[in-house]
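Next come the chains, spelled out residue by residue.
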Amino acid sequence: MDFEQLYNQYSPQIFRVCMGYINDPEQAKDLTQETFIAVWRNLSTFRNESKVSTWIFRIATNNCLRAIEKNRRVTKVELPFHMPDVPEETQEDKLTFLYSCIAELEEIDRIIISLMLEDLPQAEIAGIVGLSHGNIRTKVYRIKEKLAIKFKEHGQFE
């Protein structure tokens, strides 16, 4: 296992997973970097008890959860503003909207759907989040329903 090869293969996926949790590109970049620092430091101790991808995604998940918990402790004040209703036309706008909808989901749902978007098998996701494969299937179905409702509310499926 060559670190550079692991980084090149998994860093784009890890970034997108972090975006699913955080929905802030700069913080997602930082969390991706922190994930690969941990991978680099601990690569020699990896015991091959799971796939290396599962191990890396688990490190990223733990980093994101810690960051979310840290952000909860900080008091934030949002300034009120109103954005006009403009139809979203670009692919980037649609992805941004998707990630904002994902950010509104419960923590475990964000984790699961972010890993699904990375095309990880449901059995592997079950191992990462510590739930049964059947439970993951049910949660994925319900998450998709929730996201579909949010998309319909914002005219995305019309």
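Cut-off values and rules
- Residues numbered from 1 in each chain as written.
- Predicted model: local features only at pLDDT ≥ 70, side-chain atom pairs only at ≥ 80, totals over all residues.
- Heavy atoms only, no water.
- Helix = DSSP H or I, 4+ residues; strand = E, 2+ residues; numbered from the N terminus.
- Contact = heavy atoms within 4.5 Å.
- Salt bridge = Lys/Arg side-chain N within 4 Å of Asp/Glu carboxyl O.
- Buried < 20%, exposed > 50% of the residue type's maximum accessible area, 1.4 Å probe, protein only.
- Axes fitted to C-alpha atoms, helices over the stretch in contact; angles between N-to-C directions.
- Parallel < 35°, antiparallel > 145°, perpendicular 65-115°, else oblique.
- Left-handed = near helix turned anticlockwise from the far one by under 90°.

So, on to the side chain of threonine 54. Inspection of the secondary structure assignment puts threonine 54 in helix α3 (residues 52–73). If we ignore the near neighbours within four places in the chain, the residues touching threonine 54 are Glu124 and Ile128.

Next up on the list: the pattern of salt bridges. Close approach of charged atoms allows side chains with opposite charge to pair. For the structure on display, the rule yields 9 salt bridges. For arginine 72, the salt bridge identified is with glutamate 69, shortest N-O distance 3.6 Å. Taken as a pair, arginine 72 and glutamate 69 lie in helix α3 at a separation of 3 residues, close to a single helical turn. Residue classification places arginine 72 among the exposed residues on the basis of a relative accessible area of 53%. The exposure class assigned to glutamate 69 is partly exposed, which follows from its relative accessible area of 35%.

Before going further, it helps to examine the packing of helix α2 (residues 25–42) against α3. At a minimum axis separation of 9 Å, α2 and α3 run at an interaxial angle of 130 degrees. Of the possible angle classes, the one that applies to α2 and α3 is oblique. When you trace α2 past α3, the crossing you get is right-handed. Residues Gln27, Leu31, Glu34, Thr35, Phe36, Ala38, Val39 and Asn42 of α2 lie in contact with α3, whose contacting residues are Trp55, Ile56, Ile59, Ala60, Asn63, Cys64, Ala67 and Asn71.

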